[in-house]
Amino acid sequence: MLGAPLSRDPVGPPSSRYARERERMVEGQLAGRGITDPRVLEAMRKVPRHLFVDEALRDRAYGDYPLPIGEGQTISQPYMVAIMSQLLRLTGSEKVLEIGTGSGYQTAVLAELTRRVCSVERLASLATRARATLEGLGYTNVWVRTADGTFGWLDEAPFDRILVSAASPSIPAPLFEQLAEGGRLVLPVGDAFSQTLTVVERVGGEMRTTADSGCVFVKLIGKYGWEA
Ligand code: SAH
(Lines give C-alpha, C1' and ligand atoms only; values in the text may rest on other atoms or scores of the structure.)
Protein backbone atom coordinates (compact mmCIF):
# COMPACT_ATOMS: atom_id res chain seq x y z
CA MET A 1 0.00 0.00 0.00
CA LEU A 2 1.18 3.48 -0.80
CA GLY A 3 1.08 6.44 1.55
CA ALA A 4 1.53 6.80 5.27
CA PRO A 5 1.69 3.66 7.41
CA LEU A 6 -1.51 2.76 9.20
CA SER A 7 -1.50 4.12 12.70
CA ARG A 8 -1.92 1.60 15.50
CA ASP A 9 -2.09 4.36 18.09
CA PRO A 10 -5.46 3.90 19.90
CA VAL A 11 -5.85 7.63 20.26
CA GLY A 12 -5.58 8.00 16.49
CA PRO A 13 -4.08 11.06 14.80
CA PRO A 14 -2.62 13.86 16.94
CA SER A 15 -5.20 15.11 19.40
CA SER A 16 -4.73 18.68 18.17
CA ARG A 17 -6.65 17.68 15.05
CA TYR A 18 -9.57 16.48 17.16
CA ALA A 19 -9.32 19.61 19.29
CA ARG A 20 -9.77 21.67 16.12
CA GLU A 21 -12.76 19.56 15.09
CA ARG A 22 -14.23 20.05 18.56
CA GLU A 23 -13.81 23.79 18.29
CA ARG A 24 -15.58 23.75 14.91
CA MET A 25 -18.38 21.64 16.40
CA VAL A 26 -18.85 24.04 19.31
CA GLU A 27 -18.88 27.14 17.13
CA GLY A 28 -20.91 25.81 14.21
CA GLN A 29 -23.32 23.29 15.72
CA LEU A 30 -23.76 24.65 19.24
CA ALA A 31 -22.99 28.37 19.73
CA GLY A 32 -24.19 29.02 16.18
CA ARG A 33 -27.54 27.42 16.99
CA GLY A 34 -28.45 29.05 20.23
CA ILE A 35 -26.57 27.13 22.92
CA THR A 36 -25.60 29.97 25.25
CA ASP A 37 -24.62 28.38 28.58
CA PRO A 38 -20.85 29.08 28.67
CA ARG A 39 -20.19 26.12 30.96
CA VAL A 40 -21.88 23.73 28.54
CA LEU A 41 -19.86 25.12 25.61
CA GLU A 42 -16.66 24.81 27.64
CA ALA A 43 -17.41 21.23 28.69
CA MET A 44 -18.08 20.19 25.11
CA ARG A 45 -14.94 21.94 23.95
CA LYS A 46 -13.06 19.74 26.40
CA VAL A 47 -14.54 16.21 26.32
CA PRO A 48 -12.85 14.06 23.61
CA ARG A 49 -15.98 12.74 21.90
CA HIS A 50 -13.91 10.64 19.47
CA LEU A 51 -12.85 8.36 22.32
CA PHE A 52 -16.49 7.40 22.98
CA VAL A 53 -17.00 5.78 19.56
CA ASP A 54 -15.39 2.81 17.79
CA GLU A 55 -12.02 3.48 16.24
CA ALA A 56 -13.52 3.11 12.76
CA LEU A 57 -15.93 5.99 13.44
CA ARG A 58 -13.51 8.41 15.08
CA ASP A 59 -13.15 10.64 12.07
CA ARG A 60 -16.92 11.21 12.10
CA ALA A 61 -17.19 11.73 15.85
CA TYR A 62 -17.62 15.51 15.59
CA GLY A 63 -20.23 15.39 12.83
CA ASP A 64 -23.70 16.83 13.26
CA TYR A 65 -25.46 13.48 13.80
CA PRO A 66 -25.78 10.52 16.16
CA LEU A 67 -23.52 7.49 15.53
CA PRO A 68 -23.98 3.78 16.28
CA ILE A 69 -22.33 2.46 19.46
CA GLY A 70 -23.38 -1.20 19.15
CA GLU A 71 -26.39 -3.15 20.48
CA GLY A 72 -28.66 -1.05 18.22
CA GLN A 73 -27.97 2.07 20.34
CA THR A 74 -26.51 5.46 19.43
CA ILE A 75 -24.35 8.24 20.85
CA SER A 76 -26.57 11.33 20.65
CA GLN A 77 -25.95 14.17 18.21
CA PRO A 78 -23.71 16.84 19.82
CA TYR A 79 -26.45 19.47 19.61
CA MET A 80 -28.87 17.20 21.49
CA VAL A 81 -26.30 16.61 24.26
CA ALA A 82 -25.78 20.38 24.48
CA ILE A 83 -29.45 21.31 24.60
CA MET A 84 -30.26 18.72 27.26
CA SER A 85 -27.26 19.78 29.34
CA GLN A 86 -28.32 23.42 29.04
CA LEU A 87 -31.92 22.63 30.01
CA LEU A 88 -30.65 21.08 33.25
CA ARG A 89 -29.29 24.50 34.35
CA LEU A 90 -26.34 23.08 36.26
CA THR A 91 -24.24 25.34 38.46
CA GLY A 92 -21.72 22.74 39.65
CA SER A 93 -23.13 21.76 43.05
CA GLU A 94 -25.88 19.40 41.91
CA LYS A 95 -26.15 15.66 42.26
CA VAL A 96 -27.31 14.29 38.91
CA LEU A 97 -28.93 11.04 37.82
CA GLU A 98 -28.61 10.03 34.18
CA ILE A 99 -30.63 7.23 32.61
CA GLY A 100 -29.11 5.64 29.48
CA THR A 101 -25.32 5.86 29.82
CA GLY A 102 -24.75 4.46 26.32
CA SER A 103 -21.23 5.46 25.28
CA GLY A 104 -20.74 7.59 28.40
CA TYR A 105 -20.23 10.78 26.38
CA GLN A 106 -23.15 12.68 27.90
CA THR A 107 -22.04 11.33 31.27
CA ALA A 108 -18.60 12.91 30.79
CA VAL A 109 -20.16 16.25 29.81
CA LEU A 110 -22.28 16.12 32.98
CA ALA A 111 -19.21 15.19 35.04
CA GLU A 112 -17.56 18.39 33.76
CA LEU A 113 -20.60 20.41 34.79
CA THR A 114 -21.33 19.15 38.27
CA ARG A 115 -19.95 17.46 41.36
CA ARG A 116 -21.50 13.99 41.20
CA VAL A 117 -23.10 11.93 38.44
CA CYS A 118 -24.89 8.61 38.91
CA SER A 119 -25.61 6.95 35.56
CA VAL A 120 -27.70 3.86 34.83
CA GLU A 121 -27.44 1.71 31.70
CA ARG A 122 -29.63 -1.30 31.00
CA LEU A 123 -27.11 -3.14 28.77
CA ALA A 124 -24.11 -4.51 30.67
CA SER A 125 -21.76 -4.47 27.66
CA LEU A 126 -22.32 -0.73 27.12
CA ALA A 127 -22.04 0.05 30.83
CA THR A 128 -18.73 -1.81 31.05
CA ARG A 129 -17.29 0.01 28.07
CA ALA A 130 -18.51 3.42 29.22
CA ARG A 131 -17.04 2.83 32.68
CA ALA A 132 -13.65 1.97 31.15
CA THR A 133 -13.69 5.06 28.88
CA LEU A 134 -14.63 7.37 31.75
CA GLU A 135 -12.02 5.84 34.04
CA GLY A 136 -9.39 6.13 31.32
CA LEU A 137 -10.13 9.84 31.05
CA GLY A 138 -9.73 10.24 34.80
CA TYR A 139 -13.31 11.00 35.87
CA THR A 140 -13.68 10.22 39.56
CA ASN A 141 -17.11 11.82 40.17
CA VAL A 142 -19.08 9.33 38.05
CA TRP A 143 -20.79 6.07 39.04
CA VAL A 144 -22.16 3.76 36.34
CA ARG A 145 -24.54 0.95 37.19
CA THR A 146 -26.26 -1.74 35.09
CA ALA A 147 -29.99 -1.77 35.82
CA ASP A 148 -33.41 -0.71 34.59
CA GLY A 149 -33.09 3.04 35.07
CA THR A 150 -36.85 3.64 35.01
CA PHE A 151 -36.70 2.70 38.71
CA GLY A 152 -34.19 5.51 39.31
CA TRP A 153 -31.43 4.87 41.86
CA LEU A 154 -33.14 4.70 45.23
CA ASP A 155 -30.01 4.44 47.41
CA GLU A 156 -28.64 7.68 45.96
CA ALA A 157 -31.91 9.67 45.86
CA PRO A 158 -32.92 12.46 45.99
CA PHE A 159 -31.35 14.04 42.90
CA ASP A 160 -31.18 17.73 42.07
CA ARG A 161 -31.29 16.92 38.38
CA ILE A 162 -32.30 13.90 36.32
CA LEU A 163 -31.60 13.39 32.62
CA VAL A 164 -33.10 10.60 30.54
CA SER A 165 -31.41 10.04 27.18
CA ALA A 166 -33.94 7.56 25.79
CA ALA A 167 -37.51 8.05 24.57
CA SER A 168 -40.16 7.52 27.22
CA PRO A 169 -43.90 6.98 26.62
CA SER A 170 -44.62 8.99 29.81
CA ILE A 171 -42.86 10.44 32.86
CA PRO A 172 -41.67 7.42 34.92
CA ALA A 173 -43.18 7.84 38.41
CA PRO A 174 -40.05 6.73 40.34
CA LEU A 175 -37.99 9.44 38.64
CA PHE A 176 -40.31 12.22 39.79
CA GLU A 177 -40.38 10.67 43.28
CA GLN A 178 -36.56 10.78 43.40
CA LEU A 179 -36.37 14.39 42.24
CA ALA A 180 -35.42 16.86 44.99
CA GLU A 181 -37.62 19.87 45.72
CA GLY A 182 -36.69 22.61 43.24
CA GLY A 183 -35.14 19.95 41.00
CA ARG A 184 -35.36 19.51 37.23
CA LEU A 185 -35.94 16.38 35.17
CA VAL A 186 -35.27 16.53 31.42
CA LEU A 187 -36.54 13.73 29.17
CA PRO A 188 -37.91 12.99 25.68
CA VAL A 189 -41.61 12.06 25.95
CA GLY A 190 -43.57 10.70 23.00
CA ASP A 191 -44.02 7.65 20.82
CA ALA A 192 -41.35 5.37 19.38
CA PHE A 193 -40.72 7.62 16.36
CA SER A 194 -40.68 11.19 17.67
CA GLN A 195 -40.76 12.89 21.03
CA THR A 196 -40.82 16.26 22.74
CA LEU A 197 -37.95 17.23 24.98
CA THR A 198 -39.79 17.86 28.23
CA VAL A 199 -38.66 19.71 31.36
CA VAL A 200 -40.30 18.59 34.60
CA GLU A 201 -39.82 20.72 37.71
CA ARG A 202 -40.74 19.86 41.27
CA VAL A 203 -42.18 22.96 42.92
CA GLY A 204 -43.75 22.62 46.36
CA GLY A 205 -44.03 18.88 45.74
CA GLU A 206 -46.08 19.55 42.59
CA MET A 207 -45.13 18.60 39.03
CA ARG A 208 -44.72 21.41 36.53
CA THR A 209 -43.97 20.44 32.94
CA THR A 210 -42.76 22.54 30.02
CA ALA A 211 -42.39 21.36 26.43
CA ASP A 212 -39.16 22.26 24.66
CA SER A 213 -38.14 21.11 21.18
CA GLY A 214 -38.87 17.99 19.13
CA CYS A 215 -36.39 15.11 19.15
CA VAL A 216 -35.83 11.47 18.20
CA PHE A 217 -34.28 9.01 20.67
CA VAL A 218 -33.96 5.24 20.96
CA LYS A 219 -36.52 3.66 23.25
CA LEU A 220 -36.38 3.67 27.04
CA ILE A 221 -37.01 0.01 27.77
CA GLY A 222 -38.13 -1.01 31.24
CA LYS A 223 -40.88 -1.25 33.82
CA TYR A 224 -41.91 2.42 33.47
CA GLY A 225 -40.84 2.74 29.82
CA TRP A 226 -41.49 0.55 26.78
CA GLU A 227 -41.73 -3.22 26.93
CA ALA A 228 -38.63 -5.03 25.66
N1 SAH B 1 -26.30 9.60 26.17
C2 SAH B 1 -25.97 8.39 25.48
C3 SAH B 1 -27.18 7.95 24.71
C4 SAH B 1 -27.27 6.50 24.56
S5 SAH B 1 -28.71 5.92 23.71
C6 SAH B 1 -24.79 8.65 24.57
O7 SAH B 1 -24.65 9.77 24.11
O8 SAH B 1 -24.02 7.73 24.31
C9 SAH B 1 -29.76 5.50 25.05
C10 SAH B 1 -29.27 4.43 25.99
O11 SAH B 1 -30.33 4.19 26.92
C12 SAH B 1 -28.94 3.11 25.35
O13 SAH B 1 -27.63 2.75 25.66
C14 SAH B 1 -29.94 2.13 25.99
O15 SAH B 1 -29.43 0.84 26.21
C16 SAH B 1 -30.25 2.85 27.30
N17 SAH B 1 -31.51 2.46 27.94
C18 SAH B 1 -32.71 2.18 27.38
N19 SAH B 1 -33.61 1.90 28.33
C20 SAH B 1 -32.97 1.98 29.53
C21 SAH B 1 -33.37 1.79 30.88
N22 SAH B 1 -34.62 1.46 31.24
N23 SAH B 1 -32.45 1.99 31.85
C24 SAH B 1 -31.17 2.33 31.55
N25 SAH B 1 -30.74 2.52 30.28
C26 SAH B 1 -31.62 2.34 29.28
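Here's what I pulled together on the structure shown here. (Residues numbered from 1 in each chain as written. Predicted model: local features only at pLDDT ≥ 70, side-chain atom pairs only at ≥ 80, totals over all residues. Heavy atoms only, no water.)

1. Quick look at the nonpolar core
Inference 1: Core analysis: the biggest nonpolar cluster contains 49 residues, and Leu30, Met44, Tyr105 and Leu197 have the highest contact counts within it.
Inference 2: The greatest single-element share of this core, amounting to 7 residues, is contributed by helix 3 (residues 78–87).
Inference 3: Look past the residues within four positions of Tyr105 in its chain and what remains in contact with it is Met25, Met44, Val47, Arg49, Phe52, Ile75 and Val81.
Inference 4: Ile99, Phe159, Leu179 and Leu185 belong to the second largest nonpolar core, which has 16 residues in total. (Core = buried A, V, L, I, M, F, W, Y, C linked by side-chain atoms within 4.5 Å. Buried < 20%, exposed > 50% of the residue type's maximum accessible area, 1.4 Å probe, protein only. Helix = DSSP H or I, 4+ residues; strand = E, 2+ residues; numbered from the N terminus. Contact = heavy atoms within 4.5 Å.)

2. Comments concerning the site of the ligand
Inference 1: Inspection of the region around the ligand gives 25 residues, with Ser103, Glu121, Asp148, Gly149 and Ile221 positioned closest.
Inference 2: Ser76 places a polar main-chain atom, nitrogen or oxygen, 3.2 Å from an oxygen atom of the ligand.
Inference 3: Note that a nitrogen atom of the ligand is positioned 2.8 Å from one of the backbone N or O atoms of Gly149. (Near = heavy atom within 4 Å. Polar contact = N/O pair within 3.5 Å; in protein donor to acceptor, adjacent residues only side chain to side chain.)

3. Structural notes on the side chain of Thr198
Inference 1: For Thr198, the location among the structural elements is in strand 8 (residues 195–203).
Inference 2: Beyond its immediate sequence surroundings of up to four residues, Thr198 is in contact with Leu185, Val186, Leu187, Val189, Thr209 and Thr210.

4. Section: the packing of aromatic side chains
Inference 1: A complete count under the given rule lists 3 aromatic pairs for this structure.
Inference 2: Ring centres 5.7 Å apart and planes at 70 degrees place the aromatic pair Phe52 and Tyr105 in the edge-to-face group. One end of the pair, Phe52, is in the loop between helix 2 (38–46) and strand 1 (67–70); the other, Tyr105, is in helix 4 (residues 105–113), and 53 residues separate them in sequence. In terms of burial, Phe52 and Tyr105 fall into one category: buried.
Inference 3: Relative to Tyr224, the ring of Phe151 has its centre 5.6 Å away and its plane inclined at 85 degrees; by these criteria the two rings are edge-to-face. With Phe151 in the loop between strand 5 (142–146) and strand 6 (159–164) and Tyr224 in the segment after strand 9 (206–215), this residue pair connects regions lying 73 residues apart in the sequence.
Inference 4: Note on Tyr224: relative accessible area 29%, which makes it partly exposed.
Inference 5: Over the ring of Tyr79 we find Arg33, and its NZ or CZ is 5.3 Å from the ring centre.
Inference 6: Above the face of the Trp153 ring, Arg145 is positioned so that its terminal group lies 5.1 Å from the ring centre. (Phe/Tyr/Trp six-rings, centres within 6.5 Å; stacked < 30°, edge-to-face > 60°. Lys NZ or Arg CZ within 6 Å of the ring centre and 35° of its normal.)

Taken by themselves, the reported measurements are silent on function.
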